[in-house]
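# Analysis of the macromolecular model
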Amino acid sequence: MTDDTTPPLIEARHVSRRFGAKPDLAAKIAIKLGLAKPPSTVHALDDVSLSIRKGEVVGLVGESGCGKSTLGRVIAGILDPSEGQIVWKGRDRSALGASERRASALATQMIFQNPMAALNPRMTIEDIVSEAPLTHGLVPKGERRDYVDRYLQFAGFDPALKNRYPHQFSGGQRQRVNIARALAVQPDFLVCDESVAALDVSIQAQVINLFMELRERLDLTYLFVSHDLGVVEHISDRVAIMYLGRIVEEAPVEEVFQRPNHPYTQALLSEIPRIELTKRQFKAIQGELPSPLNPPKGCHFHPRCPFVMDRCRVEVPATIEIAPRHWSACHLNSKAGTGAEALM
Ligand code: SF4
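Within each chain, residues carry numbers counting from 1 in the order of the written sequence. Only residues with pLDDT of 70 or above have their local features reported here, since the model is predicted, and side-chain atom pairs are shown and tallied only from 80 upward, although totals for entire chains, interfaces and linings are computed over all residues. Side-chain measures were taken over the full set of non-hydrogen atoms in the model, leaving aside hydrogen atoms and water.

To continue, consider the sheet that holds strand 7 (residues 189–193). An order of 6-7-8-3-9-10-12-11 is seen for the eight strands of this open sheet, with the pairing classed as mixed. Both outer strands of the open sheet, strand 6 (108–111) and strand 11 (320–323), are each paired with one neighbouring strand and no more. Each neighbouring strand pair of the sheet contributes to a mean axis angle of 20°, computed without reference to strand direction. Pairing between two strands requires that DSSP report at least two bridges joining them. Secondary structure counts use DSSP, requiring at least four H or I residues in a row for a helix and at least two E residues in a row for a strand, with both numbered from the N terminus. Across five bridges, the pairing between strand 3 (residues 57–61) and strand 8 (residues 221–226) is parallel. By the bridge assignment, Val57 is partnered in strand 8 with Tyr222. We call two residues in contact when some of their heavy atoms are within 4.5 Å. Geometry is summarised by axes, namely lines fitted to C-alpha atoms with helices restricted to the contacting stretch, and by angles between N-to-C directions that run from 0 to 180 degrees. Packed on one face of the sheet, helix 2 (residues 68–76) meets strand 3, strand 6, strand 7, strand 8, strand 9 (238–243) and strand 10 (246–252) and runs near 155° to strand 8. Set on the sheet, helix 7 (residues 201–218) makes contact with strand 3, strand 6, strand 7 and strand 8; between it and strand 8 the angle comes to about 160°.

Right under this line is the structure:
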């Protein structure tokens, strides 16, 4: 377990990430002459900061399209940020030398939603799990079989089946192979991107319990990306809520579920009927998530917010600490007399 004094294992510092086609020379000239429009840009992440301490499980939650998977990929090193830094064990990852960068990449592994798409259908389970450890010299060739068996066992997969192919297994078993493959390079940190979303509910519970066992056994740290607040509540120490490329609230898990502050968090929680939200009922969220091609000015949530004020339409709310380790980005918190209590 972690406390406030545990240093961050990894941090996103003021990270933005945009996607858009880069115009070639002819297109640039056409744009300059007013003969063509500039290409559209998707603002997937907008000045996001998040730190994760060693041993911690951080849940990252939001609607589809809010940017949570992009943040997971940027933190995992699969995507580079357009702006900002990823800091690994106190050092800017982009400034690491080649061998340190390789070590950082191996220490950070990602587990995706679709277990079949992540596995090469032409390779046996043994080959899949042993490929990266052999490539990176983590195990001598002669010890490969025992090594694979050990990591398959860690993932709850029967090593006797390691000579079969991915299509011969169920979704849950394939996801266990993905977990074994990630563990086999001896990571410190797993980014799980909707890793149980494609599984049957009963299998979901088994895989979530497996993640928790592995955390204790292998001293792992997790970023758990999910749209499912029930799963996140079960697995996380701390939760960050994302809306349209920004983190709008962040707090220890019990604080988020017992005392949600941001109107968007309250709306998300109102959509889970089984969660008792103390004495107050919150209104369900209205409307659709706006397009990240053209996000609303000011607070991105203002077109859907029941508490919207004039300043929300023009001014980005600052993220402030409204209680110990509980951060929220809402103008209601900076108005006298309308702090956290006013929203509860
Ligand atoms: Fe609603 Fe304004 Fe707070 Fe945004 S800043 S959540 S629009 S009250």
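With that out of the way, let us pick up the site of the ligand. Near the ligand you find His262, Pro263, Cys299, Phe301, His302, Cys305, Phe307, Cys312, Pro317, Cys330, His331 and Leu332, and these make up its full shell. Residues are called lining when one of their atoms sits within 4 Å of a cavity or pocket point, these points coming from a 1 Å grid over the protein atoms alone, where a cavity is a set in which a 1.4 Å probe fits but cannot get out and a pocket is an open set with protein on both sides within 12 Å along at least five of seven lines. By definition, a pocket or cavity contains a molecule when more than half of the molecule's atoms lie within 2 Å of the pocket's grid points. Here the ligand occupies the largest cavity. When residues are grouped by polarity, Ala, Val, Leu, Ile, Met, Phe, Trp, Tyr, Cys and Pro land in nonpolar, Asp, Glu, Lys and Arg in charged, and all others, Gly among them, in polar. Partitioning the shell around the ligand into residue classes produces nine nonpolar, three polar and no charged. Here a residue is near a molecule or strand as soon as one of its heavy atoms is found within 4 Å of it.

Grid points are joined across faces, edges and corners, and a volume is the space filled by probe spheres set on the points. Across all of its chains, the model carries one cavity of 30 Å³ or more by this definition. When its volume is computed, the largest cavity comes out at roughly 90 Å³. Contributing to the lining of the largest cavity are 14 residues, with Cys299, Cys305, Cys312, Cys330 and His331 lying nearest its centre. Along the lines of polarity and charge, the residues of the lining of the largest cavity split into eleven nonpolar, three polar and no charged.

Here, nonpolar core means buried Ala, Val, Leu, Ile, Met, Phe, Trp, Tyr and Cys residues that are tied together by side-chain atoms lying within 4.5 Å of each other. For the exposure calls, accessible area comes from a 1.4 Å probe over protein chains only, and a residue counts as buried if that area is under 20% of its type's maximum, exposed if over 50%, partly exposed in between. The biggest cluster of nonpolar side chains holds 38 residues, and the ones touching the most others in it are Val129, Ile179, Leu183, Leu190, Phe211, Leu214 and Tyr222. If you list the elements that add at least two residues to this core, you get helix 4 (125–135), helix 5 (144–154), helix 6 (171–183), strand 7, helix 7, strand 8 and helix 8 (229–235). Top element by residues in this core is helix 7. It accounts for six residues. Apart from the residues within four sequence positions on either side, Leu214 is in contact with Phe154, Ile179, Leu183, Asp219, Leu220 and Tyr222.

As a further point, take the sheet that holds strand 2 (residues 42–53). Spatially, four strands are ordered 2-1-4-5 in an open sheet, and the strand pairing comes out antiparallel. Two strands bound the open sheet, and with one partner strand each, they are strand 2 and strand 5 (91–92). Contacts from helix 2 reach strand 1 (8–19), strand 2 and strand 4 (83–88) within the one sheet, and its direction differs from that of strand 2 by about 55°.

So, about the pairing of strand 3. With five of five residues buried, strand 3 lies mostly within the body of the structure. Pairing of strand 3 with strand 9, which is carried by four bridges, proceeds in the parallel orientation. Bridge pairing links Val58 to Arg238 in strand 9.

Treat this as a map of the structure, not an account of what it does.
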